[in-house]
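Coordinates in review
Residue-level listing of the chains:
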Amino acid sequence: MELTFTQAAKGVNKEIAVNIEDSCQRCDGKGHEPGTKVQHCHYCSGTGMETINTGPFVMRSTCRRCGGRGSVMVTPCVSCRGSGQTKQRRTVVVPVPAGVEDGQTVRMPVGKKEIFISFRVQKSPVFRREGADIHSDLFISIAQAILGGTARAQGLYETVNITIPAGIQGDQRIRLSGKGIPRVNSYGYGDHYVHIKIRVPKRLTDRQRSLVTSYAEDETDVEGTVNGVTNTAAGKRYTGS
């Protein structure tokens, strides 16, 4: 069964069509035409077993005439031809439990039979899964990374407001406790980890470039150089203009 990431995470009731061997609907599994009767098997006297003499030995085996039923169908059912079973196509509702994983198989009764259902979970464009935990990326601006602030991120159940601490780094992650996937065969939920990605602008206005250059002039922990900013012999930095 094909599932979306969200369906597998939250659970869903989903319909599928299956082919199964089940009791004949025409004769209700009895094997003979409705309204007709079966006859007592005289070959085995209704016992379903027959006695065979082979020299000094006497063996009992299933009756060859009635097949062990003890009765003979004079008018076999036209649908199942006396077997009492037919192939049927059923539409069933599968209650997919929350938290199922890709490749997981469950067993489900259908009529008097059981079927096995394997799940194929699609990849999510937003979330990555590790057990009951989910991971996603949140892109923030340079100003948000330096000064802090808030940002909205897509959660599994709702949109969440993320508080960004000042000075956050691009390799940090923020944990949202209990906002992950329900734990299968256990209690509680996993966590949602939001990975911070800092979006660096490719183009700057003249004012933005001037402000960034001014900031660069005051930096003291830069390894290497910054375009447009030069170190003086005294160790200070200037733009050269």
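Residues numbered from 1 in each chain as written. Predicted model: local features only at pLDDT ≥ 70, side-chain atom pairs only at ≥ 80, totals over all residues. Heavy atoms only, no water.

Things to note about the nonpolar core
With 16 residues, the main nonpolar core has Met 1, Val 94 and Ile 117 as its most contacted residues. If you list the elements that add at least two residues to this core, you get strand E2 (12–23), strand E7 (85–96), strand E8 (105–110) and strand E9 (113–118). In contact with Ile 117, not counting residues within four places along its chain, are Met 1, Ile 16, Val 94, Gln 104, Thr 105, Val 106 and Met 108. Membership of the second largest hydrophobic core comes to 13 residues, among which are Leu 138, Ala 151, Ile 168 and Leu 176. (Core = buried A, V, L, I, M, F, W, Y, C linked by side-chain atoms within 4.5 Å. Buried < 20%, exposed > 50% of the residue type's maximum accessible area, 1.4 Å probe, protein only. Helix = DSSP H or I, 4+ residues; strand = E, 2+ residues; numbered from the N terminus. Contact = heavy atoms within 4.5 Å.)

What about the layout of surface pockets?
If you add up the space inside the largest pocket, you get close to 470 Å³. In terms of lining residues, the largest pocket is bounded by 14 residues, among which Ile 142, Pro 201, Leu 204, Gln 208 and Val 212 are the most central. Counting residues per element, the ones that place at least two in the lining of the largest pocket are helix H2 (142–147) and helix H3 (206–218). Here the lining of the largest pocket gets four residues from one element, more than from any other, and that element is H3. (1 Å grid on protein atoms, 1.4 Å probe; cavity = no way out; pocket = protein on both sides within 12 Å on 5 of 7 lines; lining within 4 Å. Points joined across faces, edges and corners; volume = space filled by probe spheres on them.)

Let's talk about the pairing of strand E16 (residues 192–199)
In this structure, strand E12 (residues 133–141) lies alongside E16, joined through eight bridges in parallel fashion. Opposite Ile 134, over in E16, you have His 192 as the bridge partner. As paired elements, strand E15 (residues 173–176) and E16 share four bridges and run antiparallel to each other. Paired with Ile 174 across the bridge in E16 is Val 194. (Pairing = 2+ DSSP bridges.)

Regarding the sheet that holds E16
The four strands are arranged E11-E12-E16-E15 in an open sheet whose pairing can be described as mixed. The sheet is open, and its two edges are formed by strand E11 (128–130) and E15, each paired on a single side. The average angle at which neighbouring strand axes cross in this sheet is 30°, direction not considered. (Axes fitted to C-alpha atoms, helices over the stretch in contact; angles between N-to-C directions.)

Side note on the pairing of strand E4 (residues 49–54)
Note: E4 against strand E5 (residues 57–62), six bridges, orientation antiparallel. Counterpart to Ile 52 in the pairing with E5 is Met 59. Between the antiparallel neighbours E4 and E5 lie two residues, among them Gly 55 with a positive phi of about 70°.

A closer look at unusual backbone geometry
A positive phi angle is found at Ser 45, which is not glycine, with a value near 60°. For Ser 45, the position within the fold is in the loop between strand E3 (38–40) and E4.

As for the state of the cysteines
Linking two cysteines covalently via their sulfur atoms produces the bond known as a disulfide. In total, this model carries zero disulfides according to the counting rule given. Take Cys 24: it sits in no disulfide, and the sulfur closest to it among the cysteines is that of Cys 27, at 3.7 Å. Summary of cysteine pairing: Cys 63 is not part of a disulfide, and the nearest cysteine sulfur, belonging to Cys 66, is at 3.6 Å. (Disulfide = S-S within 2.5 Å.)

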